[in-house]
Amino acid sequence: MRVLKFGGSSVGSADAILQVESIINKKKQDHHLAVVVSAFEGVTDLLEDAIEKASNGDEQYQEILHTLEERHITVIKELIGIENQSSTLAQFKMMFNELDDVLHGVSLTRELTNRTRDFVLGFGERFSAFIISEFLNDTDTAADYLDAREVIKTDEQFGEARVLFDETYENIRTYFGRAEPDIVQIVTGFVASTLSGVSTTLGRGGSDYTAAIISAALNAETIELWTDIEGLMTADPRKVERYFVIPHLSYEEAMELSHFGAKVVYPPTLQPAMKASIPIQIKNTFKPGEEGTTISNESHPGPSVIKGISSIDNITLLTVRGSGMIGVTGISARLFRALADAGINIIMITQASSEHTICVAVLPDQAEAAQAAIESEFKYELKDDVIDEVKIEKDLSIVAVVSDDMRHKPGISGRVFQALGQNGINVVATAQGSSERNISIVVDRSNETKTLNTLHDAFFMANVKTVNLFLIGVGLIGGKLLELMKKQTKQLLAEYHLELKITGISNSKSFLIDRDGIAIDEWEERLAVEGDGADIDGFIEKMAGLNLSNSIFIDCTASEEIADEYDEILKSNISIVTANKKANSSSLETYEKLQKLAFKHNVAYLYETNVGAGLPVVATLKEQILTGDDVMRIEGVLSGTLSYIFNTYDGSIPFSEVVRTAREKGYTEPDPREDLNGQDVGRKLLILTREAGFKLEFENIDIENLVPKEARSVEKVDQFFEILSDYDSEFMKLYEGAAENDNKLCYIARYEDGNASVKLESIAPDHPFYGLDGSDNIVAFKTRHYKDSPIVVKGPGAGAEVTASGIIADILRISNAPSFRKEW
């Protein structure tokens, strides 16, 4: 004997019922069958709506009745041949008239009891089972219609009646003992009756329960639950994109997952099946060849140490605390008794070991009743301030991580909380049963989806990590970054199991954000067609609103306006990678605030490309500070532009022409004064000194401006070059003065003994910067550990490609390794 149950989606249309017939006939060849069916998809909701409208005197209930009648009649006409159609329609009409009469009575009296509600809601299953049994008989598959009210008996707790198992099992065995074994029994799910024959229901989802009850009574071989999905998933498919089907689960694992929101299995279904050791198979009606999920006594190891993650998306937490609870016997007993007497369903309990605090999670619609029950029970303790006022926290969710395999394996909780911490998800409360089968955490409701995806990635996608990138600025550097990403994406995924996804992108005109990702080949077209008007506040609001795990904001601009928004981004638990120096070289207060925010929200704030483009200058300095070293001197050539100019200038060509050539080759800014004034080098030196722990402001740096005074205020670049040419002789004197001693000119940034300067110097052949070539940068750190031989970092310090490469390096630091963060 096998018991098959088909859910509402499996019997939602004539085509779906044809698929059900195919499955029944295939199974019938090898097994005796009982087939439990739900109401057609959506019918129970319509009945619920109709009875509410009728009880309020709203005549629109008749329109719902008409819709229900037409839908069922249409299916009958599509499925059943002409010869049997009239008799089937007549019998259906008699059943439907009974429903019409009841609702008419409710509309007249405007009185609705739970007893009447149960009677009305059961019609969906009665219609469905009747039509399917008639259809099978019409197609020569012998079938009987069994109204489960005849055999399943319950108490009078209407709405979610309790089954009287002794009477029920005896009735089922008697009925099936008399039935012909080759005749398929089509059974109404969900409905039952009291011993006196009054209709009851087993709760929404009760058709699964009906199947389990029949299976247990008959000691069936298997229960097959047929639905529209392939089985029980590792997470809710509506909230987690890359879910998997769980092939095998134990009853206990399935109970935990169903209790915490997994909708595929109605929780009471598991109890009769487990008691009778009957396996449950969850299968897809429309993909019957798929393996599905099997629930049994055994838990088979899967690819991950956990089996699944489920959630309840809206709960309320009530907290009872007070010093008078410590060491007092019976507090917990009184609390739970009061809640039980008030009919409150407790979803989760957590208690501090000091007994100072007890938290209980309940559904929101029971929160006020729960609060009233607790305050009534402890009214004297509240009056005497022995217990504090009962605290209520709303808009929370519970997420549960479940697996038998977690037992006796250390580190699972650590992985859970590490993943949450790395993504800035605050845990409001937590509980873990002594069985170690379930770790439950309470988070803000707004973080539920992010929590599910974060934990799912941590345990099921350990080999592939998706990083959501939000790029602002697609000019020279941003464009090159996209080019490099396009080249590297496949390699990063194949070799490092890292998926870099452009989730948001913005240029100076518009922005686009898509949680499913923006293909690098399509970003320009999509931005032009789908983008909103450029708005940094709107960009940040949408980015933060997605609340995606592993999110990184990338700033490839030089905009002060965007840098001013870094604090809001970090507060949204989003990491930042920036090539924009404006934030870190602004006030010391701003610099320190951003560092503190990154630490507080447990996100990364990386800016390697602020100094030396792709060179590991900042990272090298941070490593030394973290290892306890002290910086004594910082010395460097920090401008690729000025490095090129003074490495090229040999007196044979006027200085102004060397600068003009550098501009033509793209080594300078469009206005070379931005390079020659030394401000950019000063900002880089300021960032390095701050990273070394020195509290400097920009005005503390002595900067030599190489732009002649007369040329500083002229509007046009051509005018600047005209004036600069008048000073060619001055630069020639500087060059010749250095060359007399075999020295060379070098624009050097230096910090030592509290003094910071950026100046053009004449350096001797034994100076470590003397051999600098082309546009290379070089930085030397003299430290307490490296006093005699400074740490030297040298290489290309300018250019879009090396800067873009440095940005990718920062992204990888965040994605694959702990970032260096100073503890504030």
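Structure first, text after, so check above.
Residues numbered from 1 in each chain as written. Predicted model: local features only at pLDDT ≥ 70, side-chain atom pairs only at ≥ 80, totals over all residues. Heavy atoms only, no water.

1. Here we look at the overall build of the protein chain
Stated formally: Only DSSP runs of H or I covering at least 4 residues are called helices, and only runs of E covering at least 2 are called strands; the numbering of each starts at the N terminus. This radius of gyration counts C-alpha atoms alone. The globule rule is 2.2 Å times how many residues there are, raised to the power 0.38. Relative accessibility thresholds used throughout: buried, under 20% of the residue-type maximum; exposed, over 50%; partly exposed, between the two (1.4 Å probe, protein chains only).
Helix and strand counts for the protein chain come out as 29 helices and 30 strands. In summary, the protein chain has a C-alpha radius of gyration of 36 Å against a globular reference of 28 Å for 824 residues, an excess of more than 25%. Principal-axis analysis of the C-alpha atoms gives the protein chain an extent of 120 × 70 × 50 Å. Across the 824 residues in the protein chain, those meeting the buried criterion constitute 53%.

2. Structural notes on the packing of aromatic side chains
Keep this limit in mind: Pairing of aromatic side chains requires ring centres within 6.5 Å, counting the rings of Phe and Tyr and the six-membered ring of Trp. Pairs whose planes differ by under 30 degrees are stacked, by over 60 edge-to-face, and all others tilted. Only lysine NZ and arginine CZ atoms are considered, and such an atom sits over a ring when it is within 6 Å of the ring centre and within 35 degrees of the ring normal.
In this structure the tally under the stated criterion is 22 aromatic pairs. Taking 6.2 Å as the distance between ring centres and 70° as the angle between the ring planes, the aromatic pair formed by Phe 539 and Phe 553 counts as edge-to-face. One end of the pair, Phe 539, is in helix α18 (residues 536-546); the other, Phe 553, is in strand β22 (residues 551-555), and 14 residues separate them in sequence. The aromatic ring of Phe 123 is capped on one face by Arg 126, whose charged end is 4.4 Å from the ring centroid. The aromatic ring of Phe 721 is capped on one face by Arg 660, whose charged end is 4.2 Å from the ring centroid.

3. Focus on the sheet that holds strand β14 (residues 357-362)
To summarise the sheet geometry, strands pair through backbone hydrogen bonds and adopt either a parallel or an antiparallel arrangement. Going by this rule: At least two DSSP bridges between two strands are needed for those strands to be called paired. Axis definition: a line fitted to C-alpha atoms, limited for helices to the stretch in contact. Angles are taken between N-to-C directions and run from 0 to 180 degrees. Here, residues are in contact when the closest pair of their heavy atoms is within 4.5 Å.
Pairing is antiparallel in the open sheet, where 6 strands are placed in the order β13-β14-β12-β15-β17-β16. The strands lining the two open edges of the sheet, one partner per strand, are β13 (348-351) and β16 (427-432). Pairwise comparison of adjacent strand axes, ignoring direction, gives a mean angle of 30° for this sheet. Sheet analysis places β13 next to β14, joined by 4 bridges and oriented antiparallel. Pairing of Ile 349 across the sheet is with Val 360, part of β14. Sitting on the sheet, helix α11 (residues 331-341) touches β12 (308-321), β13 and β14, and the angle it makes with β14 is about 20°. Across the sheet, helix α15 (residues 448-460) lies against β12, β15 (391-402) and β17 (438-444), angled at about 125° from β12, the strand it touches most.

4. Here's the deal with the pattern of salt bridges
We apply this condition: We define a salt bridge as a contact between a side-chain nitrogen of Lys or Arg and a carboxyl oxygen of Asp or Glu at a distance within 4 Å.
The full count for this structure, using the stated rule, is 39 salt bridges. Its salt-bridge partner being Arg 445, residue Asp 313 comes within 3.9 Å of it at the nearest N-O pair. On the criterion of sequence distance, the pair formed by Asp 313 in strand β12 and Arg 445 in the loop between β17 and α15 is long-range, its members being 132 residues apart. Classification of Arg 445 as partly exposed rests on a relative accessible area of 34%.

5. Description of the sheet that holds strand β20 (residues 510-513)
Read from one edge to the other, the open sheet built from 7 strands follows the order β21-β20-β19-β18-β22-β23-β24, with strand pairing classed as mixed. Here the strands that pair on one side only, and so sit at the sheet edges, are β21 (532-533) and β24 (605-606). Relative to β21, β20 runs antiparallel, the two sharing 2 bridges. Bridged to Ser 510 within β21 is Gly 533. Taken strand by strand, helix α17 (residues 523-530) contacts β19 (498-506), β20 and β21, and its axis lies near 105° from that of β20.

6. Section: α18
Where we set the bar: Pairs of N or O atoms within 3.5 Å make up the polar contacts considered here, provided that, within protein, one atom can donate a hydrogen while the other can accept it, and that residues adjacent in sequence are counted only when both atoms are side-chain atoms.
Along α18, the residues that are buried comprise Ile 536, Gly 538, Phe 539, Ile 540 and Met 543. Where the residues of α18 are buried, they touch β18 (465-472), β19, β20, β22, α19 (560-563) and α20 (566-571). The residue sitting at the N-terminus of α18 and contributing the capping side-chain oxygen is Asp 535; that oxygen lies 3.2 Å from the backbone nitrogen of Asp 537.

7. Quick look at the environment of Leu 339
Tracing the backbone through its elements, the reader meets Leu 339 in helix α11. Taking the relative accessible area as the measure of exposure, Leu 339 reaches 0% and is therefore buried. Between the alpha carbons of Leu 339 and Asn 677 there is a distance of 74 Å; along the sequence they are 338 residues apart. Aside from chain neighbours lying at most four places away, what touches Leu 339 is Ile 344, Ile 346, Val 360, Ala 370 and Ile 374.

8. A few points about the side chain of Ser 193
Examined against the element boundaries, Ser 193 turns out to sit in strand β6 (residues 191-194). Within the structure, the side chain of Ser 193 is placed 2.7 Å from the side chain of Lys 153, a separation counted as a polar contact. Once residues lying within four places of it in the same chain are set aside, the contact partners of Ser 193 are Arg 149, Ile 152, Lys 153, Thr 154, Val 198, Ser 199 and Thr 200.

9. Some details on the nonpolar core
Worth spelling out the cut-off: Only buried residues count toward a nonpolar core. Its members are Ala, Val, Leu, Ile, Met, Phe, Trp, Tyr and Cys residues joined through side-chain atoms within 4.5 Å.
Within the largest apolar cluster, 104 residues are counted, with the highest numbers of intra-cluster contacts made by Phe 6, Val 35, Leu 99, Leu 103, Ile 186 and Ile 295. Contacts of Ile 186, omitting those with residues within four sequence positions, involve Val 35, Val 37, Ala 129, Ile 132, Ser 133, Leu 136, Ala 143, Asp 144, Tyr 145 and Leu 146. Judged by nonpolar contacts, the second largest core, of 75 residues, contains Leu 642, Leu 706, Phe 731 and Phe 781.

10. Structural notes on the side chain of Arg 690
Relative to the helices and strands, Arg 690 is located in helix α26 (residues 679-691). Looking at Arg 690, its side chain comes within polar contact range of the side chain of Glu 697, at 3.4 Å.

11. A look at the packing of helix α5 (residues 114-121) against helix α6 (residues 123-138)
Filter applied, for reference: Every angle not falling under 35 degrees, over 145, or within 65 to 115 is termed oblique; those three ranges are roughly parallel, roughly antiparallel and roughly perpendicular.
Between α5 and α6, the shortest axis-to-axis distance is 5 Å and the interhelical angle comes to 20°. Overall, the two elements α5 and α6 adopt an arrangement that is roughly parallel. Together, Phe 119, Val 120 and Leu 121 of α5 and Phe 123, Gly 124, Glu 125 and Arg 126 of α6 make up the contact between the two elements.

12. Some points on the environment of Asp 702
One can find Asp 702 in strand β26 (residues 701-703). A relative accessible area of 41% means that Asp 702 is categorised as partly exposed. Residues Asp 702 and Lys 759, 57 residues apart in the sequence, show an inter-C-alpha distance of 8.0 Å. Contacts of Asp 702, omitting those with residues within four sequence positions, involve Ala 756, Ser 757, Val 758 and Lys 759. Within polar-contact distance, the side chain of Asp 702 engages the side chain of Lys 759 at 3.4 Å.

13. Section: helix α1 (residues 14-28)
The condition is simple: Multiplying 1.5 Å by the residue count of a helix minus one yields the expected span of that helix. Starting at the helix axis, one direction is taken to each C-beta atom, and the arc is that of these directions.
The first and last C-alpha atoms of α1 sit 21 Å apart over 15 residues, in line with the 21 Å expected at 1.5 Å per residue. For α1, the complete set of buried residues consists of Ala 14, Ala 16, Ile 17, Val 20, Glu 21, Ile 23, Ile 24 and Lys 27. All buried residues of α1 lie within an arc of 165° about the axis, which places them on one face of the element. Facing away from the buried surface of α1 by more than 90 degrees, the exposed residues are Asp 15 and Lys 26. Considering only its buried residues, α1 is in contact with β1 (2-6), β2 (33-37), α3 (61-79), α6, β5 (184-188) and β8 (222-227).

14. Notes on a negative patch on the surface
Let me state the cut-off plainly: Put simply, a patch holds well-exposed residues, over 30% relative accessible area, that have no salt bridge, with like charges counted together within 9 Å and Val, Leu, Ile, Met, Phe, Trp or Tyr side chains within 5 Å. Note on areas: Shrake-Rupley, 1.4 Å probe, and residue coverage restricted to the protein chains presented here. His is not counted, nor are the chain ends; Lys and Arg add positive charge and Asp and Glu add negative charge. Each charge is placed at NZ for Lys, CZ for Arg, CG for Asp and CD for Glu.
A cluster of like negative charges, contributed by Asp 535, Asp 537, Glu 541, Glu 560, Glu 561 and Asp 564, occupies part of the molecular surface. Sorting the residues of the negative patch by element identifies α18 and α19 as the ones contributing at least two each. On the basis of relative accessible area, Asp 537 is assigned to the partly exposed category, the value being 46%.

15. Focus on the pairing of β18
Quick note on the threshold: Here is how to tell: hold the view so the strands point away, follow the path from the first strand over the helix to the second, and if it runs clockwise the crossover is right-handed.
In terms of burial, β18 is largely enclosed, as 7 of its 8 residues are buried. As paired strands, β18 and β19 are joined by 8 bridges and run parallel to one another. Bridging from a neighbouring strand, Leu 469 pairs with Ile 502 of β19. Since β18 and β19 lie parallel, the crossover through helix α16 (residues 476-496) that links them has a hand, and here it is right-handed. Where β18 lies against β22, 5 bridges are found, and the strand directions are parallel. Note that in β22 the partner of Phe 470 across the bridge is Phe 553.

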